[in-house]
Amino acid sequence: MTYSHILRFSRQMERYYNDCFADLTARTGVSMNELRVLLFLANNPDCDTARDIVELRGLAKSQV
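Report follows, based on the coordinates. Remember, predicted model here, so these are calculated numbers, not experimental data.

## Examining the side chain of D52
Within the secondary structure, D52 sits in helix α3 (residues 50-57). Among buried charged residues, D52 stands out as having no salt bridge; its nearest opposite-charge side chain is R51, 6.9 Å away. Every residue in contact with D52, bar those within four places of it in the chain, is listed here: F40, D46, C47 and R57.

Spelled out as structure tokens, the structure:
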């Protein structure tokens, strides 16, 4: 599998992931970035600092 195939698959998965939560984000007004942080915290209760989220989830500091 080439890098371009992996990149294409990764983008498709990200679109699918976002689509799965589209209804929830629309109903609640929570952005996808906010939802990513909340899901991370729910799945990693011992990693509860902004630094943990930035390092482990790979989000930008400004998103956390």
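## Topic: helix α1 (residues 3-28)
In this model, α1 (26 residues) spans 37 Å end to end at C-alpha, consistent with the 38 Å of a helix rising 1.5 Å per residue. Maximal helix bending in α1 amounts to about 45°, located at F21. Just downstream of α1 lies G29, where phi reads positive at about 80°.

## Overview of the pattern of salt bridges
As enumerated under the stated definition, the model contains three salt bridges in all. Between E14 and R36 there is a salt bridge, with its nearest N and O atoms 3.9 Å apart. Within this pair, whereas E14 is found in helix α1, its partner R36 is found in helix α2 (residues 32-43), the two being separated by 22 residues in sequence. On the basis of relative accessibility, which here comes to 45%, the residue E14 falls in the partly exposed class. As a salt-bridge pair, R51 and E55 come within 3.9 Å of each other at their nearest N and O atoms. With R51 and E55 both in helix α3 and four residues apart, this pair spans about one turn of that helix. Judged by relative accessible area, which is 62%, R51 ranks as exposed. Overall, E55 belongs to the exposed group, its relative accessible area being 57%.

## Looking at α2
The end-to-end C-alpha distance of α2, which contains 12 residues, comes to 16 Å, matching closely the 16 Å that a straight helix rising 1.5 Å per residue would cover. Taken together, the buried positions of α2 are occupied by M32, L35, R36, V37 and F40. Its buried side turned inward, α2 meets α1 and α3.

## A closer look at the environment of N33
Mapped onto the elements, N33 comes out in helix α2. Linking N33 and V54, residues 21 residues apart in sequence, is a C-alpha distance of 12 Å. Polar contacts involving the side chain of N33 include one to the side chain of R36, which spans 3.0 Å.

Cut-off values and rules
Residues numbered from 1 in each chain as written. Predicted model: local features only at pLDDT ≥ 70, side-chain atom pairs only at ≥ 80, totals over all residues. Heavy atoms only, no water. Helix = DSSP H or I, 4+ residues; strand = E, 2+ residues; numbered from the N terminus. Buried < 20%, exposed > 50% of the residue type's maximum accessible area, 1.4 Å probe, protein only. Lys, Arg positive; Asp, Glu negative; His and termini not counted. Salt bridge = Lys/Arg side-chain N within 4 Å of Asp/Glu carboxyl O. Contact = heavy atoms within 4.5 Å. Expected span 1.5 Å × (residues − 1). Bend = angle between axes of the 7 residues up to and from the residue. Polar contact = N/O pair within 3.5 Å; in protein donor to acceptor, adjacent residues only side chain to side chain.

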